Amino acid sequence: MVESSIHKIKIEQIAEIEKELREIHDVDVLLENILTFARKIVNADAGSIYEYDSKENLLKIRYSQNDTIQSRLAPGEKLPFSSYRMIPTTQSISGYCALSKKIVNIVDVYNLDEFIIDASGQKTRRPYEFNSNTDNASGYHTQSMLTIPLIMTNGRILGVLQIINAQDEHNNVIPFDTDAEYYISQFANKLGSIYEYAYLTRMNIDRLVKMAGFRDPRETGSKS
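Anyway, here's the lowdown on the structure attached to this text. Note that residues are indexed from 1 along each chain, following the sequence as it is written. For a predicted model such as this one, the threshold for reporting local features is a pLDDT of at least 70, and the threshold for listing and counting side-chain atom pairs is 80 or more; totals across whole chains, interfaces and linings nevertheless cover every residue. Side-chain metrics in this entry use all non-hydrogen atoms of the structure; hydrogen atoms and water are not considered.

### Comments concerning the packing of aromatic side chains
- Note on ring pairs: Phe, Tyr and Trp rings are taken, using the six-membered ring of Trp, and paired if centres are within 6.5 Å. Classes follow the plane angle, with under 30 degrees stacked, over 60 edge-to-face and the rest tilted. Following the criterion strictly, the structure yields three aromatic pairs and no others.
- Where Tyr-110 meets Phe-130, the ring centres are 5.2 Å apart and the plane angle is 75°; that geometry is what we call edge-to-face. A residue pair is termed long-range when its members are at least 10 positions apart, and Tyr-110 in the loop between strand E4 (104-106) and strand E5 (115-117) and Phe-130 in the loop between strand E6 (123-125) and helix H5 (133-138) qualify at 20 residues.
- Judged by its relative accessible area of 35%, Tyr-110 falls in the partly exposed class.
- The rule is short: NZ of Lys or CZ of Arg within 6 Å of the ring centre and within 35 degrees of the ring normal puts a charge over the ring. Sitting over the face of the ring of Phe-115, Lys-123 holds its NZ or CZ atom 4.8 Å from the ring centroid. Secondary structure elements follow DSSP: runs of H or I no shorter than four residues count as helices, runs of E no shorter than two count as strands, and numbering proceeds from the N terminus. Each residue is placed in one exposure class: buried if its accessible area under a 1.4 Å probe, protein chains only, is under 20% of its type's maximum, exposed if it is over 50%, and partly exposed if it falls in between.

Structure, rendered in structure tokens:
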């Protein structure tokens, strides 16, 4: 663990961020802020936040941020991978994270280890690969990657938070070390109930709107 003074500052920072996020009840605004703050906590260049659609069994990118690519785009131009969606399988990194509900910390996505060693020391063959299509299309180079499941209190998967390319004070890309993993884990643990509340609120509103659409128009207005 890092020095106690730095550790204390980080924990206080996460607590302040949690308070700020609890004031946000709109899911879209919340997700964008979650991604922004997660990157800030560990000084990451890029990231995406996926939402899991259980009806369609899809992981959908809701927000993506990439400081390096954004600096190359014209004002108002969107990132090229902002609408990506996929069926979650263990063959993709985000799919594996969602299905296993485990954090995936990769030092270099282009040099993946053949085996995965879990917290208990058990070794299994790595099922996932890194999809380099986005890098090839954008000219970006992904290296370090930290992928975290976002889970409801009942254990249901809400989505996946993926942050890319941790940077040191000179903007050199470095791995997400054990401290970064710890802080993001703490952050993600606090996000569960916040995201869940906003998610359920949106679902209830959508349900009420749908019910209103099916109402008999003869039932509206005053009755004589």
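### Quick word on helix H4 (residues 93-100)
- Counting buried positions along H4 yields six of eight residues, so the element is predominantly enclosed.
- Buried within H4 we find Ile-93, Ser-94, Gly-95, Tyr-96, Cys-97 and Ala-98.
- Definition of a polar contact: a pair of N or O atoms within 3.5 Å, with one able to donate and the other able to accept a hydrogen when the atoms are protein atoms, and with sequence-neighbouring residues admitted only if both atoms are side-chain atoms. One side-chain oxygen at the N-terminal end of H4 lies 3.0 Å from the backbone nitrogen of Gly-95; it belongs to Ser-92.
- In the stretch just after H4, Lys-101 is the one whose phi turns positive, near 60°.

### Details of the packing of helix H1 (residues 4-22) against helix H2 (residues 27-42)
- Interaxial angle, 0 to 180 degrees, is taken between N-to-C directions of lines fitted to C-alpha atoms, where a helix line uses only the stretch in contact. The interhelical angle for the contact between H1 and H2, taken along N-to-C directions, is 170°, at an axis separation of 11 Å. When the axes of H1 and H2 are compared, the pair comes out roughly antiparallel. For the pair H1 and H2, the contacting residues are Lys-10, Gln-13, Ile-14, Ile-17, Glu-20 and Leu-21 in the first and Leu-30, Asn-33, Ile-34, Phe-37, Lys-40 and Ile-41 in the second.
- By the convention adopted, Pro, Cys, Tyr, Trp, Phe, Met, Ile, Leu, Val and Ala count as nonpolar, Lys, Arg, Asp and Glu as charged, and the other residues, Gly among them, as polar. Here the residues of the contact of H1 with H2 sort into seven nonpolar, two polar and three charged. Orientation categories follow fixed angle ranges, with anything under 35 degrees roughly parallel, anything over 145 roughly antiparallel, 65 to 115 roughly perpendicular, and all other angles oblique. Contact criterion: two residues are considered in contact whenever any of their non-hydrogen atoms come within 4.5 Å of each other.

### Quick word on H1
- In a regular helix each residue adds 1.5 Å, so 19 residues correspond to 27 Å; H1 covers 27 Å between its end C-alpha atoms and thus fits that length.
- Along H1, the residues that are buried comprise Ile-14, Ile-17, Glu-18 and Leu-21. Along the axis of H1, the buried residues cluster in a sector spanning 105°; they form a single face. Facing away from the buried side of H1, by more than 90 degrees, are the exposed residues Ser-4, Lys-8, Ile-9 and Lys-19. Multiplying 1.5 Å by the helix residue count minus one yields the expected span of that helix. In this description, the arc belongs to the directions extending from the helix axis to the C-beta atoms.

### Some thoughts on the pattern of salt bridges
- Basic side-chain nitrogens of Lys or Arg form a salt bridge, by our definition, when they fall within 4 Å of a carboxyl oxygen of Asp or Glu. Going through the model one piece at a time under the given rule, you end up with nine salt bridges.
- Glu-114 serves as the salt-bridge partner of Arg-125, at 2.3 Å between the closest nitrogen and oxygen. Highlighted residues: Arg-125 in strand E6 and Glu-114 in the loop between E4 and E5, separated in sequence by eleven residues.
- Judged by its relative accessible area of 54%, Arg-125 falls in the exposed class.
- Glu-129 serves as the salt-bridge partner of Arg-126, at 3.4 Å between the closest nitrogen and oxygen.
- Among the charged side chains, a network of salt bridges with common partners joins Asp-28, Glu-51 and Arg-62.

### So, the environment of Ile-34
- Counting through the fold element by element, Ile-34 comes out in helix H2.
- Assessed through its relative accessible area of 0%, Ile-34 is described here as buried.
- As for Ile-34 and Ile-49, which are separated by 15 residues in sequence, their C-alpha atoms are 8.3 Å apart.
- Those residues in contact with Ile-34, other than ones at most four positions away along the chain, are Leu-21, Ile-49, Phe-187 and Leu-191.

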